[in-house]
Amino acid sequence: MAFQGRLRLAALALALAALGGVAQAAEPDKAVTDKPQADTAQSEKPLGVVELFTSQGCSSCPPADEFFAELAGKDDIIALAYHVNYWDYLGWQDTLSTKENTERQYDYMRAFGSRSVYTPQAVINGRSHVNGASRKDVDGALARMDRIGEGMRVGIKVSRTSDRVMIDAGDAGNGPADAHVVIVYFDPPHMVKIGQGENSGRSLTYWNAVSDIQTAGMWHGKAQRYELPMSEIAKKGGCAVLLQSVGKDGMPGPILGAAFIRKPDRL
């Protein structure tokens, strides 16, 4: 009886070990399914954010659009193009312009204390503006702000599962305490043949043309997570998140952190 009992115990132990092996083999599959996957295409702290205000109807804009295409191809720069509509009266209605894009430029005008808007205008890190066609001015502003601590001060990490996107904004330390979490959707790069106006007859490729801007929440200086449905992100061509301070008058202020959520790079 004792020998048979030992045999039964040994068989039970082998069975449990086999079950344990099955469980261990299945666990990695579960981890792959449920664990958030980091978006390795984006940098936690990019060099800076370049927001180009441009128009298909502006004869001065094509050189800026071409330079912007180079910026859009870099992983360490969040490059966003806002097509405005106030040049449409020249004979060509910009196919990518929106009222919201134009309003954002006017908000920057008021924030900077300027008296007018212009194209091509490049706003750097939400702090200052330069001629968007001037490589020297844009590169110089990015380098200067990074050097004096006016670059991206707050790290942002993006991860995802099958049904949601997680945005983790870091801690500001002794820095600014409040900002908006702004989600900026943009189109994949595509070519537009311009039929009338100052650029009539030209076929130009436009990158990262902003199609929608939404505020997803508030950040109060401490590390915090924000979630977005993956289904909403999947509807758009591309997407970026900006951690942008806002003045008491509601005008946009310095951008403290930024990252790509989804970055299409196809024509």
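That block above? That's the structure.
Note that the coordinates shown come from a computational prediction; the quantities given were computed from them, not determined experimentally.

A. Fine view of the overall build of the chain. When you go through the chain residue by residue, the secondary structure sums to 5 helices and 14 strands. Counting the 267 residues in the chain, one finds 45% classified as buried. Accessible surface, the chain: about 13,500 Å² in total, of which carbon and sulfur atoms supply 53%.

B. Summary view of the nonpolar core. Among the nonpolar cores identified, the biggest contains 22 residues, and V165, I167, I183, W219, V241, L243 and I261 are the most heavily contacted of them. Among the elements of the structure, strand 6 (156–160), strand 7 (164–169), strand 8 (179–186), strand 12 (224–229), helix 5 (230–234), strand 13 (238–246) and strand 14 (252–262) are those that each provide at least two residues to this core. Counting residues per element, this core draws most heavily on strand 8, at 4 residues. Once residues lying within four places of it in the same chain are set aside, the contact partners of I183 are I167, D212, I213, Q214, A216, L228, C239, A240, V241 and I261.

C. Region of interest: the pairing of strand 6. Pairing between strand 6 and strand 7: 5 bridges, direction antiparallel. Counterpart to S159 in the pairing with strand 7 is M166. Adjacent in sequence and paired antiparallel, strand 6 and strand 7 are bridged by 3 residues.

D. Representation of the pattern of salt bridges in the model. Counted under the stated rule, the structure contains 10 salt bridges. A salt bridge links E51 to R104; its shortest N-O distance comes to 2.9 Å. One end of the pair, E51, is in strand 2 (residues 48–54); the other, R104, is in helix 3 (residues 99–112), and 53 residues separate them in sequence. We classify E51 as buried; its relative accessible area is 0%.

E. Broad picture of unusual backbone geometry. In the segment running from T119 into P120, the intervening peptide bond is cis, with an omega of -5 degrees. In this fold, P120 is placed in the loop between helix 3 and strand 4 (121–124). One non-glycine residue, N125, lies in positive phi territory at about 55 degrees. The phi dihedral of N208 falls on the positive side, at around 50 degrees, and the residue is not glycine. Under the relative-accessibility criterion, N208 is labelled buried at 1%.

F. Structural detail: the packing of aromatic side chains. Per the counting criterion, the structure on display carries 7 aromatic pairs. On the numbers, 6.3 Å between centres and 35 degrees between planes, the contact of W87 with Y89 is tilted. Its relative accessible area of 24% is what places W87 among the partly exposed residues. Within the aromatic cluster, the residues linked to one another by ring pairs are F53, Y82, Y108 and F112.

G. Structural view of the environment of S203. Within the secondary structure layout, S203 lies in strand 10 (residues 203–206). A relative accessible area of 39% places S203 in the partly exposed class. Remark: the alpha-carbon pair of S203 and M191, spanning 12 residues in sequence, is separated by 6.5 Å. In this structure, S203 is in contact with M191, V192 and K193, ignoring residues within four places of it in sequence.

H. Quick peek at the sheet that holds strand 5 (residues 128–131). Strand order in this open sheet of 4 strands is 3-2-4-5, and the pairing throughout is mixed. Edge strands, defined here as strands with exactly one partner in the open sheet, are strand 3 (77–83) and strand 5. On average, each strand axis in the sheet is inclined to that of its neighbour by 25 degrees, with strand direction left out of account. Here strand 2 runs beside strand 4; their pairing, made up of 4 bridges, is antiparallel.

I. Summary view of the side chain of H83. Along the polypeptide, H83 turns up in strand 3. Owing to a relative accessible area of 1%, H83 belongs among the buried residues under this scheme. Within the local environment of H83, its side chain forms a polar contact with the side chain of D94, the two groups lying 3.0 Å apart.

Definitions and cut-offs
- Residues numbered from 1 in each chain as written.
- Predicted model: local features only at pLDDT ≥ 70, side-chain atom pairs only at ≥ 80, totals over all residues.
- Heavy atoms only, no water.
- Helix = DSSP H or I, 4+ residues; strand = E, 2+ residues; numbered from the N terminus.
- Buried < 20%, exposed > 50% of the residue type's maximum accessible area, 1.4 Å probe, protein only.
- Areas by Shrake-Rupley, 256 points an atom, 1.4 Å probe, with all protein chains shown as cover.
- Core = buried A, V, L, I, M, F, W, Y, C linked by side-chain atoms within 4.5 Å.
- Contact = heavy atoms within 4.5 Å.
- Pairing = 2+ DSSP bridges.
- Salt bridge = Lys/Arg side-chain N within 4 Å of Asp/Glu carboxyl O.
- Phe/Tyr/Trp six-rings, centres within 6.5 Å; stacked < 30°, edge-to-face > 60°.
- Axes fitted to C-alpha atoms, helices over the stretch in contact; angles between N-to-C directions.
- Polar contact = N/O pair within 3.5 Å; in protein donor to acceptor, adjacent residues only side chain to side chain.

The values are spatial; any link to function lies outside them.
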